[in-house]
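Structural features, examined
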Amino acid sequence: MHYLTYDEYSKELGGVLDLTAFNRSVDRVCGIIDNATHKRVEKMAEVPQSVKALCRDLVEYYAINVNVSEKEVASRSENAGPISESVSYVQRSKEEMQTDIDNMVFDYLSSV
């Protein structure tokens, strides 16, 4: 179940990703919330604002840290000779990413 629509994400919560980037991560994010809450949110009459905010932040976190097309560039170099280009991205370890995600989930869902 999706706890956040793209319209809510972009218009109500100020999300900055386009629809394609949002769709790449929303299923995974809602699965994380389901696991953390043992699907309690799915059974609620209305999705709490804190769950929607967590969806927004996790979707953007995944876009930056997992989806290559959205990753933050760490360095870029170009050569004019025989044309070459090199781009490196900020890379977080799996452990760092999991800690970040766990912290966000705890912060937003501690009252749900």
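Throughout what follows, the structure given in this document is the object of discussion. Note that the structure is predicted; figures quoted are calculated from it, not measured.

What counts, and where the lines are drawn
Residues numbered from 1 in each chain as written. Predicted model: local features only at pLDDT ≥ 70, side-chain atom pairs only at ≥ 80, totals over all residues. Heavy atoms only, no water. Helix = DSSP H or I, 4+ residues; strand = E, 2+ residues; numbered from the N terminus. Buried < 20%, exposed > 50% of the residue type's maximum accessible area, 1.4 Å probe, protein only. Contact = heavy atoms within 4.5 Å. Expected span 1.5 Å × (residues − 1). Bend = angle between axes of the 7 residues up to and from the residue. Phe/Tyr/Trp six-rings, centres within 6.5 Å; stacked < 30°, edge-to-face > 60°. Arc of directions from axis to C-beta.

Right, let's get into the overall build of the protein. Counting secondary structure elements, the protein contains 4 helices and 2 strands. Tracing the protein from N to C terminus, the helices and strands come up as α-α-α-β-β-α. Residues counted as buried form 35% of the 112 residues belonging to the protein. Within the protein, contacts between residues at least 6 apart in sequence are counted, and of these 63% link residues at least 24 apart.

What follows concerns helix α2 (residues 19-37). Its 19 residues give α2 an end-to-end C-alpha distance of 26 Å, which sits within 8% of 27 Å, the value for a rise of 1.5 Å per residue. Of all the bends in α2, the largest measures some 35 degrees and sits at valine 26. Regarding α2, the residues found buried are Ala21, Phe22, Ser25, Val26, Val29, Cys30, Ile32, Ile33, Asp34 and Thr37. Where α2 is buried, its residues touch α1 (6-12), α3 (49-65) and α4 (94-109). In the stretch just after α2, histidine 38 is the one whose phi turns positive, near 55 degrees.

Attention now goes to the environment of aspartate 107. Relative to the elements of secondary structure, aspartate 107 occurs in helix α4. With a relative accessible area of 57%, aspartate 107 lands in the exposed category. Each C-alpha atom, one on aspartate 107 and one on leucine 54, is 8.8 Å from the other, the two residues being 53 residues apart in sequence.

Quick look at the packing of aromatic side chains now. Per the stated rule, a full pass over the model turns up 4 aromatic pairs. When the centroid spacing of 5.0 Å and the interplanar angle of 35 degrees are considered together, the rings of tyrosine 9 and phenylalanine 22 count as tilted. One end of the pair, tyrosine 9, is in helix α1; the other, phenylalanine 22, is in helix α2, with 13 residues separating them in the sequence. For tyrosine 9, a relative accessible area of 0% gives the class buried. Accessibility expressed as a relative area gives 2% for phenylalanine 22, which makes it buried. When the ring of tyrosine 61 is compared with that of tyrosine 62, the centres are 6.5 Å apart and the planes differ by 90 degrees; the resulting orientation is edge-to-face. Taken as a pair, tyrosine 61 and tyrosine 62 share a single burial class, namely buried. Here a set of aromatic residues connected by ring pairs shows up, and it is made of Tyr6, Tyr9 and Phe22.

This part covers α4. Compared with an ideal rise of 1.5 Å per residue, which puts 16 residues at 22 Å, α4 spans 22 Å between its outermost C-alpha atoms and is within 8% of the ideal. Listing the buried residues of α4 in full gives Met97, Ile101, Met104, Val105 and Leu109. Mapping the buried residues of α4 onto a view down its axis gives an arc of 100 degrees, with all of them on the same face. Among the exposed residues of α4, those oriented more than 90 degrees off its buried face are Glu95, Phe106 and Asp107. Buried residues in α4 make contact with α2 and α3.

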